[in-house]
Amino acid sequence: MQSRAGPAGVPTHGPGRPHGHVPRSDSGFAEERLEPADHVHGDHRSSSPACSDSHTEPDRTRPMQDAPCARRTSCYSAREALRHIDKGRATGNKQALYLREKCERCLFNTGKIIQLHCGKVLFVGVLVMCLLAVWLKDGKIETETEKLWVQAGGRLEEELRYTKDSLGEEMGSDYQLIITTAKNEGENVLTHGALNQHLQSVLAAADVQVEVFGLSWKMKDVCYITSAPILEGTLAMIIDKLYPCVIITPLDCFWEGSKLLGPDSPVVIPHVSANVRWTNLNPLGMIEELNKSLSLGLPFSVELDTFQDLFDQAGITTGYQEKPCLNPEDPECPETAPNKHSKEVPDISSELTGGCVGFATKYMQWPEELIVGGLKKNQSGQLLSAEALQTAIILSQPNALYEAYKDDYKVHDIHWSPSKAEQVLKEWQRKFTEAVYNSANDSLGQEVHAYSSAALNDLMADFSQTNYIRVAAGYCLMLVYACVTMLRRSAVRSQGGVGLAGVILVSMSVAAGLGFCALIGLSFNASTTQVLPFVALGLGVDDMFLVAHTFSCTTSSPDIAYMDQTGECLRRTGVSVTLTSLSIIVSCFMGAIVPIPALRNYSIQSAVVVFFNYLSVILIFPAIISWDLERRRAKRLDLFCCLNSSSANRVIRVREATPADDTDSVRSEPLPRHSQRHQTNVTVQSTVETVTSLDNEGRTVTVVVPPTQTVTRPWIPSNVVTPLGTPPSTAESSSTRNLVSPDLDTEETESSNVLCCAKKNWTLSSFARNSYGPFLARFPVKIAVLVAFALLLVGGIYGTTKVEDGLDLTDVVPKGSREHDFLHVQSKYFSFYDMYIVTKSDYDYPIGQAGLYELHQDFMRVDKIVLTPEGDLPEFWLSYFRDWLIDVQDHFDEDWHQGRIQRNKWYYNATNEGVMGYKLLVQTGDNDNPINKDQLYSNRLIDSNGVINSKAFYNYLTAWKNDDTFAYTASQAAIRPEPAEWSVDRNDHDSLDTIPDYELLIPKSQPINYSQFSFYVSGLHGTSEFIQLIKDVREVCAESEVPTYPLGVPFTYWEQYIYLRYYLMVALSAVLAAIFVVVAIVMVNPWLALIVVSVLAMMAVELFGVMGLLGIKLSAIPAVIIIASVGIGVEFTVHISFAYVTSLGDRNERMIAALEHMMSPVIDGAISTLLGVVMLAGSEFEFIVLYFFYVLVALIVIGLLNGLVLLPVLLSLIGPGPEVKPANNARRLPTPTPPPTPPFETGVPLDTYPQLQRSDSLGSDLFNNEIAFSGLGDQYLQQRHSDILVQPEVKVETGYLRCGPKRTKYNAPVRPTERQPNRPKRPLKKKPHPYQPQHHVTTVTATTSVTVQIGQPTDDASTDSYRYSKRRRDDIPKLWELEYDSSDSSRSSQK
């Protein structure tokens, strides 16, 4: 570093130094600061382009002539590159440079403002992030599967909305399942022991009782019960207590099934029994006993007929009294059981063949596929063995439970509501699961598995909850990584605190981004809570490291003014960070094309979080490093910023070098002596020597030498003679600590281990420059790389063919959990689902009955639908409705012919069905004239074609729903609007000649807007089978004239896979197109954008293939990761491409230069991203490990291979030309002459300085008999000009010294540039001195506070005046009163 002045006070400038430009310190003096870059071992960030820039790139106002930056236009400011083009020194892409120049200017100005107001920016930024993070408390975690996985905006969502609008929020059935299997896979469970174990488990479930809101709730209180006719009377109240829960179980084939039906307390039936339960109840026998008791005057003779008809309609006969007993020895086994007296154990296989029936034999028919799994049959269809038994207990939905109890006195005091009903159900389900598992008897050799919707929802809620321990561990790992990466051996220059603060800042930005998502109403899910915090941390910390290390290197550069440090850092990194962040944000938004709500929310939330990370890194993190700059300037310790550096106690010993002291011969001439002498007292630390030599103009060059360093000669301009030796290249060693040392033969310091500042140590940059890049530049290697990646691409394409569609629920549930074991068993043995065919409005049901029958019959061609034992489809509501009307018509005809019914009335001996037929036949369906008794002679309920009378269709519907409630419930018609309520009492009027019309009127139901008929589907084990079922059913629905759609679990969860691959291709195309546009616009280079997009497309294909090889199935989650991989892949490609296009030379040279400057940050980005996701490997959810951790790790490996191997080879073969091309095919850019900046002045009268007497005693007291500044003898004091080379931790300040009418200006030293090794010594040319010596002041600032002591001036002195920056002006006290607060400063003055 040099500071020189030309003849007659006219300053001469070093290469590229603008006229009058001097970097200034806050004190007003020109300042040059060189500090050691004591980086820790293994810091691969330090060779990032930013770091390289800081040492090899001159400031935008001071480019150096021979620096490597002259061969890398990305180091240049775009403004300088444009100047070269405008002046004809180069040609290039002016559009790209113009766009980059605008971005750089904006970023530079932003950085300057942030540095100026760093405290305010940091406070406001942290405050805003904290306020947004508060909204996380209102975030909604969505666990309902339909709201997570149903295609948004698709037909399925529209169908589900229509269903919910019709049926309400709670629709369908809630099954609680119990499965019994053998402990050894493949063993038969059709044994007495297995059925007994199953019976004990179901009984344990039936006995579950919970206390909620101070009330007791049993299974009978919360289960689903078949609807019964609205009846009044004593018998109706008795029968109501006997209505059981609906339980689908294989135990219904045996008498033991009655034990499940209760009731909990025996029912008393007068004159029949005082202890009636289903275990001893014979419904027909009960009716017979009551009929026999009518003579005793019982008050329910009419009710008996009604219940007799009800039992006949439902097929209720003897109940369980005639079924075999599993244990004939049971005392309660009825005498009517077929094996009661023989004591033989029943043939279980034969009993279960064809399924079982409940107490209502006509409607409670359980197919064997529903209750027995793992079947083996003989040729005749007889069951031989089975591997699993299943029982399903059906519970009420919350709304149904609320409606059932809202007028009940039981809940009068608890403010009953649907939410409380839901809580009751959940508590019962949780205890149900525990009770079933506790019922397992190991001695029986069976395993019991239980499922409840509450348990699964609780598990999914746990799955969706953020694991704070894992998040904390991951963030602590990143904190350690940040601290280790940014630590330096110098406690002052170390940036461990910056790394810690950066990770905390990124963590806060992630929380703020998620809080913003909660604020705008985006729900969270497992993808958000389990994965996004880690991925976002990795990506955010990556950018943070880039900015921090760039800032570390820019502060080491003496060419950047103090107030420009933050702005220069953002100028160099902001464009790259903006480009990569923008690409990731665009790709995440493109991922929202996949119309699955869970993944759409994940994609949007990822984009929002990445955007918040970008804002924090660009706006808030620079404020943190600006504060750290103040700490370093104050020489305070890293991490312990309240403590000063121990360097404050070092002593600097300066001596004059003689030819004997120098290891190289230096020719010099005697220095002239000055008539006046003075002394400067310096209190500094650590013994540091100086080597003084002369240039060819007789000026003194003084080098401050730390005692333990190796002397390394800097390059000095041609008019300065230097000793023989080889100077270091600034490209390879820009640490100024290595420029000087007392011994040329000693080895380099450990501080040269820094990757961007090392001279000989191995680094990723040196490896890329010297080994890896030249290796890839070989033509045979290029061919091998292309062949290898072609094979890899072929393998990826092959792997894509192995990827299956689907997402098993067992993948989501943690292995080893009860829920996982149950789901595994159920999917293996009971792939059994309900399926509904919904008919909509806009259809004339009375007229279009034939279309409904045709639609129903068309489903015979759909595989997997469970048929009845007769091989027919199950009946649906219209057929039940028609059968009931046929039965009513038959009874009416019989009563009419028998005379029990006449035109105007019926008699008491008419049957209930006959009376119902009378009422139905007189209905006209006309609201103005609803009754017409003349129709009794001509009207028929059903015509000859089996079509219900269309005119009175809705009147008949009302009657059927209220009279044949078992059939209506069993049909699962769910007609909406619900048919009107009507009392089915016959209301005999024997005393009247004519029944009044109001007694005959049946209310007309509203037209049907919604109805459904149900099927069971079974044998679905793979996604392909589900998709085929969906396609077949959809085809039938599409061909029908009835507006209809399917509904059920297969359609809710598996229909997304029909179009998933299509949406994936559309999303990938959109992402690649968006990145192409972004890169092409920012770089204004479509060919380069095309190469980048091609590599990214290959990465997506290879990742897809790896998924196939790992056995990962394609679902919406891997689809979004594949889409996001394109954005993440930008980190591995765009940096390399940007460095390539902004380098000079041929393709191979630019490829090597790009690898040299970008290999380290690319690898560092991969490591930071890997650290962000590595904690996912410890998740208890295999789904997280398999679908996120493995896929993301594969993505990182594929990205590194493509970014560091394939892309460089492609660029070296077909890469575009450089952004700027020097004229005459030169390999470097010429040095521009930037415009001058305004100078500043320091005016001090010459006669202010007194004559100082030299005191040797000062040195003996302070420096162990060493004279302070012993090298500054008379010759030095009389020399008119001096060039001072300073070392790290030493600051040189110069200013104007006004001497009467004349003024001399001294510039800050210029930085030494690169010199060819082994340059021969030049003989020192002696020149006359045509000008007289002038007075000047030289300031040397070290690392501690210094008080400058100067004698009293000899004559009057004018006050000092300093010109400060525009933002402030301070009046400076007289020079001898100055005491500087900056640490380690020493000041020498000369006159």
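Counting its regular elements, the protein chain contains 41 helices and 29 strands. Burial statistics for the protein chain: of 1391 residues in total, 60% are counted as buried. Sequence separation of at least 24 residues holds for 78% of the intrachain contacts in the protein chain that already meet a minimum separation of 6. When the accessible surface of the protein chain is split by element, carbon and sulfur atoms take 54% of a total near 55,000 Å².

A few words now on the pairing of strand β4 (residues 209-212). Across the two faces of β4 the burial differs, with Val-210 and Val-212 buried and Gln-209 and Glu-211 not buried at all. In the sheet, β4 pairs with strand β5 (residues 215-218) via four bridges, with the strands oriented antiparallel. Directly across from Glu-211, in β5, lies its bridge partner Ser-216. Linking two consecutive strands that pair antiparallel, namely β4 and β5, is a turn of two residues; a positive phi of about 60° is found at Phe-213 within it.

As a further point, take the packing of helix α21 (residues 565-591) against helix α22 (residues 597-633). Helix-helix packing is characterised by the crossing angle of the two axes and by the distance between the axes. The geometry of α21 relative to α22 is characterised by a closest axis approach of 8 Å and an angle of 170° between their N-to-C directions. Of the possible angle classes, the one that applies to α21 and α22 is roughly antiparallel.

Moving on, we get to the packing of aromatic side chains. Tallied over the full model, the rule gives 33 aromatic pairs. On the basis of an interplanar angle of 15° and a centroid distance of 5.5 Å, the ring pair of Trp-217 and Trp-416 is categorised as stacked. Of the two residues, Trp-217 sits in strand β5 while Trp-416 sits in the loop between α14 (398-405) and α15 (418-438), which places them 199 residues apart along the sequence. A relative accessible area of 0% means that Trp-217 is categorised as buried. Looking at Trp-416, the relative accessible area reads 10%, which means it is buried. Cluster of aromatic residues (ring-pair linked, three or more members): Tyr-853, Phe-859, Phe-876, Phe-1013 and Phe-1015.

Turning next to the sheet that holds strand β18 (residues 832-839). Backbone hydrogen bonds hold the strands of a sheet together, and the pairing may be parallel or antiparallel. Taken in spatial order, the three strands of this open sheet run β19-β18-β20, and their pairing is antiparallel. The two strands at the open ends of the sheet, each matched to only one other strand, are β19 (1011-1018) and β20 (1044-1048). The sheet shows a mean angle of 25° between the axes of neighbouring strands, taken without regard to direction. The sheet contact formed by β18 and β20 spans five bridges and is antiparallel. Directly across from Val-838, in β20, lies its bridge partner Tyr-1045.

So, about the state of the cysteines. The full count for this structure, using the stated rule, is three disulfides. Across a sulfur-sulfur distance of 1.8 Å, Cys-223 and Cys-245 are joined as a disulfide pair. The sign of the S-S torsion, about -75°, decides the handedness of the disulfide formed by Cys-223 and Cys-245: left-handed. Of this pair, Cys-223 sits in the loop between α8 (219-222) and α9 (234-242) while Cys-245 sits in the loop between α9 and β6 (247-248); the two residues are 22 residues apart in sequence, bridging distant segments of the chain.

The next thing to look at is the environment of Val-838. If you trace the backbone, Val-838 turns up in strand β18. Remark: the alpha-carbon pair of Val-838 and Pro-1043, spanning 205 residues in sequence, is separated by 8.4 Å. Those residues within four positions of Val-838 in sequence are excluded, and the remaining contacts are Tyr-1010, Ser-1011, Gln-1012, Pro-1043, Thr-1044, Tyr-1045 and Leu-1047.

Quick look at the side chain of Asp-805 now. Topologically, Asp-805 is positioned in the loop between α24 (779-801) and α25 (809-812). The exposure class of Asp-805 is buried, given its relative accessible area of 15%. A distance of 3.2 Å separates the side chain of Asp-805 from the side chain of Arg-1061, its partner in a polar contact. Not counting residues up to four positions away in its chain, the partners in contact with Asp-805 are Thr-1023, Tyr-1057, Arg-1061, Lys-1113 and Leu-1114.

In this section: the side chain of Arg-900. Looking at the element boundaries, Arg-900 is found in the loop between α28 (877-898) and α29 (912-921). You can call Arg-900 buried: its relative accessible area is 17%. If sequence neighbours within four positions are ignored, Arg-900 has contacts with Glu-894, Asp-895, Trp-906, Tyr-907, Asn-909 and Ala-910.

So, about the environment of Ser-817. Note that Ser-817 resides in the loop between α25 and α26 (818-829). With 363 residues separating them in the primary sequence, Ser-817 and Glu-1180 have C-alpha atoms 9.9 Å apart.

A grouping of Asp-312, Glu-870, Asp-872, Glu-875, Asp-883, Asp-887, Asp-890 and Glu-894 is seen on the molecular surface, where their side chains present a negatively charged patch. In terms of residue count, the dominant contributor to the negative patch is α28 (four residues). Tracing the backbone shows Glu-870 in the loop between α27 (849-858) and α28. The exposure class assigned to Glu-870 is exposed, which follows from its relative accessible area of 62%.

Okay, α15 next. In this model, α15 (21 residues) spans 31 Å end to end at C-alpha, consistent with the 30 Å of a helix rising 1.5 Å per residue. By the burial criterion, the buried members of α15 are Ala-421, Val-424, Leu-425, Trp-428, Gln-429, Phe-432, Thr-433, Ala-435, Val-436 and Tyr-437.

Each value, and the rule that gives it
- Residues numbered from 1 in each chain as written.
- Predicted model: local features only at pLDDT ≥ 70, side-chain atom pairs only at ≥ 80, totals over all residues.
- Heavy atoms only, no water.
- Helix = DSSP H or I, 4+ residues; strand = E, 2+ residues; numbered from the N terminus.
- Buried < 20%, exposed > 50% of the residue type's maximum accessible area, 1.4 Å probe, protein only.
- Contact = heavy atoms within 4.5 Å.
- Areas by Shrake-Rupley, 256 points an atom, 1.4 Å probe, with all protein chains shown as cover.
- Pairing = 2+ DSSP bridges.
- Axes fitted to C-alpha atoms, helices over the stretch in contact; angles between N-to-C directions.
- Parallel < 35°, antiparallel > 145°, perpendicular 65-115°, else oblique.
- Phe/Tyr/Trp six-rings, centres within 6.5 Å; stacked < 30°, edge-to-face > 60°.
- Disulfide = S-S within 2.5 Å.
- Polar contact = N/O pair within 3.5 Å; in protein donor to acceptor, adjacent residues only side chain to side chain.
- Patch = residues over 30% accessible without salt bridge, like charges linked within 9 Å, V, L, I, M, F, W, Y side chains within 5 Å.
- Salt bridge = Lys/Arg side-chain N within 4 Å of Asp/Glu carboxyl O.
- Lys, Arg positive; Asp, Glu negative; His and termini not counted.
- Charge placed at Lys NZ, Arg CZ, Asp CG, Glu CD.
- Expected span 1.5 Å × (residues − 1).

Shape is all these values report; function is a separate question.
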